[in-house]
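# Results of the structural survey
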Amino acid sequence: MKVQSLEDALIEELRDLLSAEQQLTKALPRLSKQCEWAELRAALEFHLEETRGQAHRVKACMEALGVRVRAKKCEAMAGLIAERDELAEVDAPPAIKDVLLCAAAQKIEHYEMASYECAIGWAGQVGNSEILRALRANLKQEQVASDNLRRLAQILNTMVADEVERMALMADG
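For clarity, every value in this text was computed on a predicted model and none was experimentally measured. (Residues numbered from 1 in each chain as written. Predicted model: local features only at pLDDT ≥ 70, side-chain atom pairs only at ≥ 80, totals over all residues. Heavy atoms only, no water.)

## A word on the nonpolar core
Spelled out, the test is: Nonpolar cores were defined as sets of buried Ala, Val, Leu, Ile, Met, Phe, Trp, Tyr and Cys residues, with membership established by side-chain atoms within 4.5 Å. Note on classification: 1.4 Å probe, protein chains only; a residue is buried when its accessible area is under 20% of the maximum for its type, exposed when over 50%, partly exposed between these limits. For the purposes of this entry, the term helix denotes a DSSP run of H or I that reaches at least four residues, the term strand denotes a run of E that reaches at least two, and both are numbered from the N terminus. Here, residues are in contact when the closest pair of their heavy atoms is within 4.5 Å.
Residues L40 and L44 are the most contacted members of the largest nonpolar core, which totals 26 residues. Mapped by element, the contributors of at least two residues to this core are α1 (6–34), α2 (38–65), α3 (75–88), α4 (94–126) and α5 (129–172). Setting aside anything within four residues of it in sequence, one finds L44 in contact with L28, L31, S32, C35, A105 and L149. L10, M113, I131 and L139 belong to the second-largest nonpolar core, a separate cluster that totals 20 residues.

## Looking at empty space enclosed by the protein
Space left empty within the atom packing is revealed by a probe, the size of a water molecule, rolled over the atoms. Going by this rule: Only protein atoms enter the 1 Å grid used here. Points where a 1.4 Å probe fits but cannot escape make up a cavity, open sets with protein on both sides within 12 Å along at least five of seven lines make up a pocket, and a residue lines them when an atom lies within 4 Å of a point. Grid points are joined across faces, edges and corners, and a volume is the space filled by probe spheres set on the points. Each residue is assigned to one class: nonpolar for Ala, Val, Leu, Ile, Met, Phe, Trp, Tyr, Cys and Pro, charged for Asp, Glu, Lys and Arg, and polar for all the others, Gly among them.
Following the criterion strictly, the structure yields 1 cavity of 30 Å³ or more and no others. Here the largest cavity defines a volume of roughly 40 Å³. Among the residues forming the lining of the largest cavity, the class breakdown is 7 nonpolar, 1 polar and 1 charged.

## Concerning the packing of α3 against α4
Helix packing for two helices is described by the angle between their axes and how far apart those axes are. Put simply, the rule is: Orientation is described by lines fitted to C-alpha atoms, with helices fitted over the stretch in contact, and by angles between N-to-C directions that extend from 0 to 180 degrees. The scheme is simple: roughly parallel for angles under 35 degrees, roughly antiparallel for over 145, roughly perpendicular for 65 to 115, oblique for anything else.
Relative to each other, α3 and α4 sit at 175°, their axes nearing to 9 Å. On the basis of their axis angle, the class for α3 and α4 is roughly antiparallel. Facing A76, M77, L80, E83, R84, L87 and A88 of α3, the residues of α4 in contact are K97, L100, L101, A104, K107, I108, Y111 and E112. A class-by-class count of the residues in the contact of α3 with α4 yields 10 nonpolar, no polar and 5 charged.

It is worth stressing that arrangement in space is one thing and function is another; only the former is reported here.
Pasting the structure below:
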């Protein structure tokens, strides 16, 4: 596709976002199953339902623009998911693995937030309030998911640090 306007850029970004959300819809169940910590698993399972809704809203944005609804493979999301898959295979205690998986999920959320922010900027210039509302709703969900993952990461990091300290004390004592 030739990209010669902000609307063209928006359409390309929407196709990329649709692919990203579709890839994530497939990857989140695997990610949540690999987590040992119930709170992290529950957060990822909850976000799976949001992700399905986000994909639906992205499709509605394409329809509102009058373009064929189709995804364009999001290579960035594919890379983030591949990185997460590699982390799942790391030989580490369950708590450390959860720390790594939570970090991978945070990276995914940050990528999605950046993508939605770009699309919102272009949608604002195109002047379509329906698309703006849908994209802002998706961005808000991504921000809440990111905040939740940050909170969970802080708890996990503290739990792991405390466990390492306990193990060191036991080894010394």
